[in-house]
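A closer look at the structure
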Amino acid sequence: MMLGPKISTVFKSRWNALFWAAGILATAYCTVPAADQAAKSEKARVAASKAEHRNPWAKDTTAAQ
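1. Overview of the overall build of the chain
- Helix and strand content of the chain: 3 helices and 0 strands.
- Start at the N end of the chain and walk to the C end: the helices and strands fall as α-α-α.
- Residues classed as buried in the chain amount to 3% of the 65 residues present.
- Total accessible area on the chain stands at roughly 6500 Å², and carbon and sulfur atoms take up 64% of it.

Structural data, given as structure tokens:
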């Protein structure tokens, strides 16, 4: 099953074809993340995974003396 209008009705006139193409381009523009957003989320994921790491040889500062 295909979503949207039939291809034969889309290309019946130039204006229909232009509006259809503009809709496809707008959908692609809105759904694909920018490269800098993808890089930021990847850096945040790596930083979060490294924050969980604890040095096993470090002195424990929370122990009571």
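2. Brief notes about the packing of aromatic side chains
- One pass over the structure, following the stated rule, counts 1 aromatic pair.
- On the numbers, 6.3 Å between centres and 35° between planes, the contact of Trp15 with Phe19 is tilted. Taken together, the residues Trp15 and Phe19, both in helix α2 (residues 14–31) and 4 residues apart, mark about one turn of the helix.
- Trp15 gets classed as exposed once you look at its relative accessible area, which sits at 60%.

3. A word on the environment of Asn16
- Mapped onto the elements, Asn16 comes out in helix α2.
- Residue Asn16 is classed as partly exposed on the basis of its relative accessible area of 37%.
- Leave out the neighbours within four places in its chain, and Asn16 touches Thr9 and Val10.

4. Here's the deal with the confidence of the model for the chain
- Taken over all residues, the pLDDT of the chain has a mean of 77, while the share at 70 or more is 80%.
- Mean pLDDT in the chain bottoms out at helix α3 (residues 35–51), which sits at 72, and peaks at α2, which reaches 91.

5. Focus: a nonpolar patch on the surface
- Together, Ile7, Phe11, Trp20 and Ile24 line one region of the surface with nonpolar side chains, adding up to about 390 Å² of accessible area.
- Note that Phe11 resides in the loop between α1 (7–10) and α2.

Reading guide: rules and limits
- Residues numbered from 1 in each chain as written.
- Predicted model: local features only at pLDDT ≥ 70, side-chain atom pairs only at ≥ 80, totals over all residues.
- Heavy atoms only, no water.
- Helix = DSSP H or I, 4+ residues; strand = E, 2+ residues; numbered from the N terminus.
- Buried < 20%, exposed > 50% of the residue type's maximum accessible area, 1.4 Å probe, protein only.
- Areas by Shrake-Rupley, 256 points an atom, 1.4 Å probe, with all protein chains shown as cover.
- Phe/Tyr/Trp six-rings, centres within 6.5 Å; stacked < 30°, edge-to-face > 60°.
- Contact = heavy atoms within 4.5 Å.
- pLDDT = per-residue confidence, 0-100.
- Patch = residues over 30% accessible without salt bridge, like charges linked within 9 Å, V, L, I, M, F, W, Y side chains within 5 Å.
- Salt bridge = Lys/Arg side-chain N within 4 Å of Asp/Glu carboxyl O.

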